[in-house]
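Summary of structural features
This is what each chain is made of:
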Amino acid sequence: MDATFKRAELDSDNIVVDIGLATQELNKVLAAFNYRNLDEEPQFAGINTSTEWLAKHIADQLADRISEGALGEGAHGIDAIAVTLHESHVAWAGYERALRPSG
């Protein structure tokens, strides 16, 4: 699983995102899926939980955490998030989404 954070300009510390906070929040998002069959989860009833859908769901969760400030104030400058899920060494799928600028 790869998460890519994108922005047009580096922040005042010359980084895109605090990688420690990004890793911490990504681990929290992923913890909800560990050792679970998503097709058996009531919240995903009727949803085709494809790799692409899961990549979108993770990207949306990360976007919410950025909006809430969990990745630090500097993360509000992130323009986009891309999430790639590797099914094997030769097959993967991903999803990229833009972030709305915070007001």
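What comes next concerns the included structure. (Residues numbered from 1 in each chain as written. Predicted model: local features only at pLDDT ≥ 70, side-chain atom pairs only at ≥ 80, totals over all residues. Heavy atoms only, no water.)

This next bit is on the nonpolar core. Counting residues in hydrophobic clusters, the biggest one holds 22 residues, and the most contacted among them are Phe-5, Ile-58, Leu-62, Ile-66, Ile-81 and Val-83. Elements that contribute at least two residues to this core include exactly helix H1 (19-31), helix H2 (51-67) and strand S2 (80-86). Top contributing element to this core by residue count: H2, with seven residues. The contacts of Phe-5, once residues within four sequence positions are left out, are Val-16, Val-17, Ala-22, Leu-62, Ile-66, Leu-71, Ile-78, Ala-80 and Ile-81. (Core = buried A, V, L, I, M, F, W, Y, C linked by side-chain atoms within 4.5 Å. Buried < 20%, exposed > 50% of the residue type's maximum accessible area, 1.4 Å probe, protein only. Helix = DSSP H or I, 4+ residues; strand = E, 2+ residues; numbered from the N terminus. Contact = heavy atoms within 4.5 Å.)

Applying the stated criterion across every chain, the model contains six salt bridges. A salt bridge links Lys-6 to Glu-96; the nearest nitrogen and oxygen atoms lie 3.1 Å apart. Here Glu-96 lies in strand S3 (residues 92-98) and Lys-6 lies in strand S1 (residues 2-6), a separation of 90 residues in the sequence. For Arg-97, the salt bridge identified is with Asp-60, shortest N-O distance 2.8 Å. One end of the pair, Arg-97, is in strand S3; the other, Asp-60, is in helix H2, with 37 residues separating them in the sequence. For Arg-97, a relative accessible area of 23% corresponds to the partly exposed category. Through salt bridges with shared partners, a single network forms among Glu-25, Lys-28 and Arg-65. (Salt bridge = Lys/Arg side-chain N within 4 Å of Asp/Glu carboxyl O.)

In short, shape yes, function no, at least from these values alone.
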